[in-house]
Amino acid sequence: MTEKKYQMLEINLTTGEKRVVDVTADMRKYIGGRGLGAKLMWERVPVDTDPLAPENILYFGVGPLTGTLGTIVNVSAKSPLTLRGGTSNMNGHLGIELIYAGYNGGLLLTGKAPKPSYIYIHNDKVEIRDASHLWGKNNLAAQQALREELHKGLEDQNFRIATIGPAGEHLVRNAGISHDFYHHAARMGMGAVMGSKNIKGIAVRGTGSPAYANPAKLFALITRFHHDARLKKAQDRRWGHNISIARRYYDTTEGVKNKQLGWDPICDQTNSLVLEQQYKVWNDGCNMCHLGCKVPSMRRDPPLGPTIAELRHDNVGGWDANCMLPGFDVQVYLSTLLDELGMDNEDVSGVVAWMMECYQRGLVSQDDLDGIDLTWGNLEAVCKLVKKIAYREGIGNILADGLKLAPPQIGKGTEKYAITGKGVAITSYELRGSMQDAVDMAVVPVGELHGARGAARWMACDALTVCGFMIRPLHEVFGWDNVGLEFLPAAAGWEVTPQEWHDMVQRMRLMERCNCIREGYIPERDDMIPDRFFEETIYSKYGEPKILNREEFLAFRKKTYLSYELNPQGIPTRESLIKLGMEFVIPEMEKRLGQW
Amino acid sequence: MTTEKAPEATIPVLGANKSGWGVEDMPNPKGVGLIQARWDLCIGCGACEMACSMFHYGDINRELARIRIYRYHVPIPKSVQNICCQCAAEERECEKACPLDPPVIHYDKEKFHMVVDADRCLGYKCGKCRKACPASVPCFYPPEQNCALVCDLCERDGVRKPQCVEVCPTYALEYMAPQFPQHLERIHPDDKAAYLAKRLYPLSKDRIQQTPEEIWGE
């Protein structure tokens, strides 16, 4: 079988030069998406680069399975939030347009555009166009304006658009990239990187062919999967992914009042049946996904007026009981506001909850907060503070730096209450409810992203650019170990053996880890969770005490390192790096670690 | 020790023989039939496009599909399908519009579906059938397939087995005998989206919420 060629579109924004790079060899090693993003960062971003400088890259990664199972686009850049390697996912249809346009290795942006611009890609017609009329607009308005402009004279609506909001333009360090308004690559400040490059948006349309290696075999696999999995996780079509919040409150794994409590009566206001029956509008989904778990919810009544939003665990979990802002009316309003401004709901809610606790404890005064009375559950105050953060006004200018850089600027003992891991806010998770969750989140080298983002399955999905919600159905239908072996030959023409497949996944995982170590990440020191989880006991609804034991945590973490095939300190062993053909990282690693 | 009693043979077991998906338990129409699209259920996955291009061309390429998914923002994303509804003779605008005689795009009265004579079709440059159809159903994909692409109900050797219906994960496509005049299904996708958008009233097209200042003042 012939192996497929993979081509990446590289645009140097400084010079306006565009070229198509063959990345077949790198894709074969690092799969694509998150893996190839880490490799590109290693190659192209010098150590200690300012993430908002033109030297940083912004990679919209697609992979060999884009367009075959729940499509995602993985966005990689050095993160302004953690100052190390960063990665973020967005679902939707952008990836499939890149594939149809012929760039099945992704889109790489380097340099910095001289003036506000957007990128226009229609097959091989690639242009950097002026976006001064879009600059300053909110996400939705910008996307609608861009859409109207592009669809002139076209017969369909298939231009896919990703933009940043005002937060990205103002280089707010937890700004995200919005695609089709409710898919967001929100985490780790990818929107700020895009804003620092003066890029307001990306519009892609392709009418080529995906040219999979063996379409008939791939079709058989996809239809078998759709057939067998059609009922697996299909409940998500009813409520979207809001459902897990309610269960998590009862498991004490969802944060309440910035992790001060394990339960509060307002937790019971999150009932997914109410969401389905009262707020749901319809279903929409992503490319080639049988679930269609995007369930927009709508509210109409005053005082908040008509608003529509997509509620998920990730974007509302941090606001709900964590900031004591319960009820779907409030969630729908807040979530939309953050989406409009182009910020990460999860991270900003962490910043706001941190400020709320500091205010509660008297560490910051109303004067410090520019007159905002930031009591728990004060929606008006939260909205005003959020807007200040988005436009970097007053106190917002400090808070917009995120939980790594803002606490030292405020000082006065407030650092202690910042619930963060490596600068990424831990908001919609309460770690005392589950040691597994705590360790899984702690050992992700890029930061405490939601879920077990460092585990092999998640990382493989991010690299194949398959949605993480496909993991369970895929495992139940094919068995996880067979997914790569079945799909990669059909989609890419790579005849991989089980060992090769294991090596590919392991290689991309180590690449990301080494990339972070080069920027100063020391696993033993940084893979920690805030002390609060070891020191304060919380109680579940039924009075069950929950607290983590530090020794147990460290022992579990060590076990996890070994299961990730690292040494007990969480560093890749020299032998494994040589075995996987990554000798080129060793000299750089020695600069940080000496002879390890 | 009690043993479980075998169910009596006369008691029907619901769903015992059900092995498939979609509406394949329902008998396919024998005579006139169409694929009815339930656009409120469409999630925009594109599985139907994949199945269509695979059946007709052995490739996965949505541009070759005869059913198309249009993805709108109204202002939030919503996808709707667009597919030929095999109109009755009097309403067949594409056939009337074809400049050739006999028309390239016409109805096969024996097999009950539209047919395009690919060799004679004038292609994309002509495009009169597409312009005439109120729903702009006939598609072209030059240069590979420079002839009108129209649903043939996946008819092969007299057997009709629409693949998009088989594959749709949300049962949003149904293969059935017409329940009402077919051409009433012939709604342009733009209009379909507009109808669905009315559900969102009173949201506006480019703004879907009031700003905090409007609600609470400066």
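These numbers were taken from a predicted model, which means no experiment stands behind them.

> Would you mind going over the overall build of chain B with me for this structure?
Tallying secondary structure elements over chain B gives 6 helices and 10 strands in all. Relative to its 218 residues, chain B shows a buried fraction of 43%. Considering only intrachain contacts with a sequence separation of at least 6, the fraction spanning at least 24 residues in chain B is 66%.

> What is the right way to look at the overall build of chain A in this model?
Looking only at helices and strands, chain A has 26 helices and 18 strands in total. Its C-alpha atoms give chain A a radius of gyration of 23 Å, near enough to 25 Å, the size a compact globule of 596 residues would have. Expressed as lengths along the three principal axes of its C-alpha atoms, the size of chain A is roughly 65 × 60 × 50 Å. Out of the 596 residues belonging to chain A, those deemed buried represent 61%. Contacts in chain A between residues far apart in sequence, at least 24 positions, make up 71% of those at least 6 positions apart.

> Explain the pairing of strand β3 (residues 77-82) of chain B here, please?
It is a general feature of regular strands that their side chains alternate between the two faces of the sheet. Residue and element names in this part refer to chain B. Across the 6 residues of β3, 6 count as buried, placing the element largely inside the fold. Here strand β2 (residues 68-73) runs beside β3; their pairing, made up of 6 bridges, is antiparallel. What sits directly across from His73, in β3, is Pro77. In sequence, β2 turns back onto β3 through a hairpin of 3 residues.

> Hey, could you run me through the sheet that holds strand β2 (residues 17-22) of chain A in this one?
Whenever strands of a sheet pair, they do so through backbone hydrogen bonds, lying parallel or antiparallel. All names here are of chain A. Judged by pairing direction, the sheet is mixed, and its 6 strands sit side by side in the order β2-β1-β6-β3-β4-β5 without closing on themselves. Looking at the sheet topology across the chains shown, the edges are occupied by β2 and β5 (85-91). Sheet twist, expressed as the mean angle between neighbouring strand axes with direction ignored, is 20 degrees. Relative to strand β6 (residues 107-110), strand β3 (residues 58-61) runs antiparallel, the two being bridged by 3 bridges. Residue pairing in the sheet places Leu58 in a bridge with Leu109 of β6. Along the sheet face, helix α2 (residues 33-44) touches β3, β4 (72-78), β5 and β6 and points at about 20 degrees away from the line of β4.

> Would you explain helix α13 (residues 345-360) of chain A in this entry?
Residue pairs spaced three or four apart in an α-helix point in one direction, given the helix's 3.6 residues per turn. Between its terminal C-alpha atoms α13 of chain A stretches 22 Å, which fits the 22 Å expected from 16 residues at 1.5 Å a residue. Most of α13 of chain A is tucked away, with 15 of its 16 residues classed as buried.

> What am I meant to see in the sheet that holds strand β12 (residues 199-205) of chain A here?
Residues and elements named next belong to chain A. The 6 strands lie next to each other as β8-β7-β12-β9-β10-β11, forming an open sheet whose pairing is mixed. Only two strands of the sheet have a single neighbouring strand rather than two, namely β8 (125-130) and β11 (183-185). Going from strand to strand, the sheet's axes swing by 20 degrees on average, the running direction of each strand aside. Here strand β7 (residues 117-122) runs beside β8; their pairing, made up of 6 bridges, is antiparallel. Directly across from Ser117, in β8, lies its bridge partner Asp130. Sheet strands touched by helix α4 (residues 139-151): β7, β9 (160-164), β10 (177-179) and β12. Its angle to β9, the strand with the most contacts, is close to 140 degrees.

> Teacher, can you tell me more about the packing of α13 of chain A against helix α16 (residues 402-410) of chain A here?
When two helices pack together, their arrangement is given by the angle between their axes and by how far apart the axes lie. Residues and elements named next belong to chain A. Direction vectors running N to C along α13 and α16 enclose 25 degrees, while the axes themselves pass 10 Å from each other. The angle between α13 and α16 places the two elements in the roughly parallel class. Our pair here, α13 against α16, has a crossing hand that is right-handed. Contact residues: α13 offers Asp347, Gly350, Val351 and Trp354, while α16 offers Gly402, Leu403 and Ala406. A breakdown of the residues in the contact of α13 with α16 according to their chemical character gives 4 nonpolar, 2 polar and 1 charged.

> Would you explain the nonpolar core in this entry?
Of all hydrophobic cores here, the largest spans 248 residues; its most connected members are Met355 and Val386 of chain A together with Cys164 of chain B. The contacts of Met355 of chain A, once residues within four sequence positions are left out, are Val364, Leu374 and Leu399 of chain A.

> Which parts of the structure should I look at to understand the interface of chain B and chain A?
Every contact between the two is made by 40 residues of chain B and, on the other side, 50 residues of chain A. Mapped by element, the contributors of at least two residues to the side of chain B that touches chain A are α1 (47-57), β2, β3 and α6 (212-216) of chain B. Here the side of chain B that touches chain A takes 4 residues from β2 of chain B, the largest share from any one element. Its residues assigned to classes, the side of chain B that touches chain A comprises 21 nonpolar, 10 polar and 9 charged.

> Mind showing me how you'd approach unusual backbone geometry here?
Where the residue is not glycine, phi is negative for most of them; where a peptide bond is considered, it is trans in most cases. For the bond from Asp101 of chain B to Pro102 of chain B, the omega torsion is 0 degrees, close enough to zero to count as cis. Turning to its location among the elements, Pro102 of chain B is positioned in the loop between α2 (93-97) and β4 (105-108). Cis rather than trans, the peptide bond between Tyr201 of chain B and Pro202 of chain B has omega equal to 5 degrees. Located in the positive-phi region is Asn198 of chain A, a residue other than glycine, with phi close to 65 degrees. Residue classification places Asn198 of chain A among the buried residues on the basis of 20 C-beta atoms within 10 Å.

> When you look at the packing of α2 of chain A against helix α18 (residues 456-464) of chain A in this model, what are you seeing that I'm missing?
Residue and element names in this part refer to chain A. Where α2 contacts α18, the two axes come as close as 4 Å, and the packing angle between them is 80 degrees. Here α2 lies roughly perpendicular to α18, going by the angle between them. Of α18, the residues touching α2 (which contributes Gly33, Arg34 and Gly35) are Met459, Asp462, Ala463 and Leu464. In terms of residue class, the contact of α2 with α18 is made up of 3 nonpolar, 2 polar and 2 charged.

> Is there a simple way to explain the environment of Ile72 of chain A in this structure?
All names here are of chain A. Structurally, Ile72 can be placed in strand β4. Note: C-alpha distance between Ile72 and Gln278 (206 residues apart in sequence) is 29 Å. With sequence-adjacent residues up to four places away left out, Ile72 is seen in contact with Asn89, Met90, Asn91, Gly95, Thr465, Val466 and Cys467.

> Where do I start with the environment of Phe478 of chain A in this structure?
Following the sequence through the fold, Phe478 of chain A ends up in helix α19 (residues 471-478). Setting aside residues no more than four positions away along its own chain, Phe478 of chain A makes contact with Val483 and Glu486 of chain A.

> How should α2 of chain A be read in this particular structure?
The end-to-end C-alpha distance of α2 of chain A is 16 Å, a good match for the 16 Å that 12 residues give at a rise of 1.5 Å each. Listed in full, the buried residues belonging to α2 of chain A are Gly33, Arg34, Gly35, Leu36, Gly37, Ala38, Lys39, Leu40 and Met41 of chain A.

> Sorry, what's going on with the pairing of strand β14 (residues 307-310) of chain A here?
Residue and element names in this part refer to chain A. Every second residue of β14 is oriented toward a common face, with Thr307 and Ala309 on one face and Ile308 and Glu310 on the other, all of them buried. Here strand β13 (residues 296-299) runs beside β14; their pairing, made up of 4 bridges, is antiparallel. Bridge pairing in β14 links Met298 to Ile308.

Criteria and cut-off values
- Residues numbered from 1 in each chain as written.
- Chains lettered and ligands numbered in written order.
- Predicted model: local features only at pLDDT ≥ 70, side-chain atom pairs only at ≥ 80, totals over all residues.
- Helix = DSSP H or I, 4+ residues; strand = E, 2+ residues; numbered from the N terminus.
- Buried ≥ 20, exposed ≤ 12 C-beta atoms within 10 Å, placed from the backbone.
- Contact = placed C-beta atoms within 7 Å.
- Rg over C-alpha atoms; globule rule 2.2 N^0.38 Å.
- Pairing = 2+ DSSP bridges.
- Axes fitted to C-alpha atoms, helices over the stretch in contact; angles between N-to-C directions.
- Expected span 1.5 Å × (residues − 1).
- Parallel < 35°, antiparallel > 145°, perpendicular 65-115°, else oblique.
- Left-handed = near helix turned anticlockwise from the far one by under 90°.
- Nonpolar A, V, L, I, M, F, W, Y, C, P; charged D, E, K, R; others polar.
- Core = buried A, V, L, I, M, F, W, Y, C linked by C-beta atoms within 7 Å.

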